[in-house]
Amino acid sequence: MSHDEFVGANAGASDTYPQRCSALRKGGYAIINNRPCKIIELSTAKPGKHGHAKVRLIGIDIFNKHKYETICPSTHNMDVPHVTKTNFQVLGVGSRFLSLLDDRGHMKDDIEVPDGDIGKKIREKYKNEDDFEVTVLITMGEGIVITVK
């Protein structure tokens, strides 16, 4: 590769940001075992003879619903995912994926039709030719439908 060859660049945006363990809260988000999780339980142990107070976190993976647990000194940082919730109009429902349109006119077709009641509701509304929206939770390059409107 020569010196004048352009390879590419990114904006430098990260999928996560650091936050002190002691500042995390139940109902918030954290990266546990390299997966974005919603914190369902959080407890702090008192400092021991030789160290820091410890924070015990239990979280549910946002996407696959697996339960993860970790322990971290309260003064250390943990990665927290940038999480966004966006409404999309549903344009189409395929066998696995949805065809979605956001309010700026951008198409999104990499969100899977969820299993369970939400997926049934989407398929039913689409079959009845209803105009409807879904709310999609997006983080770390993945997304999941969380509500149907």
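Refer to the structure printed above.
Note that the structure is a prediction, hence the values are computed from the model and not measured.

Student: Quick question: what am I supposed to make of the environment of V55 here?
Tutor: Structurally, V55 is set in strand β4 (residues 54-61). For the pair formed by V55 and C72, sequence separation is 17 residues and the distance between their alpha carbons is 5.3 Å. Leave out the neighbours within four places in its chain, and V55 touches C21, S22, L42, S43, T44, T70, I71, C72 and S74.

Student: What is the right way to look at the nonpolar core in this model?
Tutor: Soluble globular proteins: nonpolar side chains tend toward being buried together. In terms of nonpolar packing, the biggest core is built from 13 residues, with L98, L100, I122, V134, V136 and V145 touching the most fellow members. Where this core is concerned, the elements lending two or more residues are β7 (84-93), β8 (97-101), β10 (133-139) and β11 (142-148). Looking at this core element by element, the count peaks at 3 residues for β7.

Student: How should the pattern of salt bridges be read in this particular structure?
Tutor: Side-chain pairing between opposite charges can occur once the charged atoms of the two side chains come close. Within the structure shown, the criterion is met by 7 salt bridges. Between R35 and D61 there is a salt bridge; the shortest N-O distance is 2.6 Å. On the criterion of sequence distance, the pair formed by R35 in strand β3 (residues 35-45) and D61 in strand β4 is long-range, its members being 26 residues apart. The exposure class of D61 is buried, given its relative accessible area of 0%. Two residues, E69 and R56, come together in a salt bridge whose shortest N-O distance is 2.7 Å. One end of the pair, E69, is in strand β5 (residues 67-73); the other, R56, is in strand β4, with 13 residues separating them in the sequence. Owing to a relative accessible area of 30%, R56 belongs among the partly exposed residues under this scheme.

Student: Sorry if this is basic, but what is going on with the state of the cysteines here?
Tutor: Note on terminology: disulfide describes a covalent bond linking the sulfur atoms of two cysteines. All chains considered together, the criterion is met by 1 disulfide. Across the disulfide, C21 is cross-linked to C72 (sulfur-sulfur distance 2.2 Å). Measuring handedness by torsion sign, the sulfur bridge of C21 and C72 sits at about 80° and is right-handed. Note that C21 is positioned in the loop between β1 (16-20) and β2 (29-32) and C72 in strand β5, a separation of 51 residues in sequence. The exposure class of C21 is buried, given its relative accessible area of 1%. For the unlinked cysteine C37, the closest cysteine sulfur is that of C21, found at 14 Å. Looking at C37, the relative accessible area reads 0%, which means it is buried.

Student: What is the right way to look at the sheet that holds strand β9 (residues 107-112) in this model?
Tutor: In any sheet, the strands associate via hydrogen bonds between backbone groups, in a parallel or an antiparallel arrangement. Spatially, the 5 strands line up as an open sheet ordered β9-β8-β7-β10-β11, and their pairing is antiparallel. Of all the strands in the sheet, just β9 and β11 have a single pairing partner and so form its edges. Across this sheet, the average inter-strand angle for adjacent strands is 45°, counted without regard to direction. Here β10 runs beside β11; their pairing, made up of 6 bridges, is antiparallel.

Reading the values: the criteria
- Here, residues in each chain are numbered from 1, in the same order as that chain's written sequence.
- The model is predicted, so local features are restricted to residues of pLDDT at least 70 and side-chain atom pairs to those at 80 or more, both for listing and for counting; the totals for chains, interfaces and linings are taken over all residues.
- The side-chain numbers reported here are obtained from all heavy atoms of the structure, hydrogens and water having been left aside.
- Segments assigned H or I by DSSP are reported as helices when at least four residues long, segments assigned E as strands when at least two residues long, and all are numbered from the N terminus.
- By the convention used here, residues are in contact when the closest approach between their heavy atoms is within 4.5 Å.
- Only buried residues count toward a nonpolar core, which is a set of Ala, Val, Leu, Ile, Met, Phe, Trp, Tyr and Cys residues joined through side-chain atoms within 4.5 Å.
- We call a residue buried when its accessible area falls under 20% of the maximum for its residue type, exposed when it is over 50%, and partly exposed in between, using a 1.4 Å probe and counting protein chains only.
- The rule for a salt bridge is simple: a side-chain nitrogen of Lys or Arg has to be within 4 Å of a carboxyl oxygen of Asp or Glu.
- Disulfide assignment relies on a single distance test, namely cysteine sulfur atoms paired within 2.5 Å.
- Any two strands between which DSSP finds at least two bridges are classified as paired.
- Fitting a line to C-alpha atoms yields each axis, with helices limited to the stretch in contact; the angle taken between N-to-C directions then spans 0 to 180 degrees.

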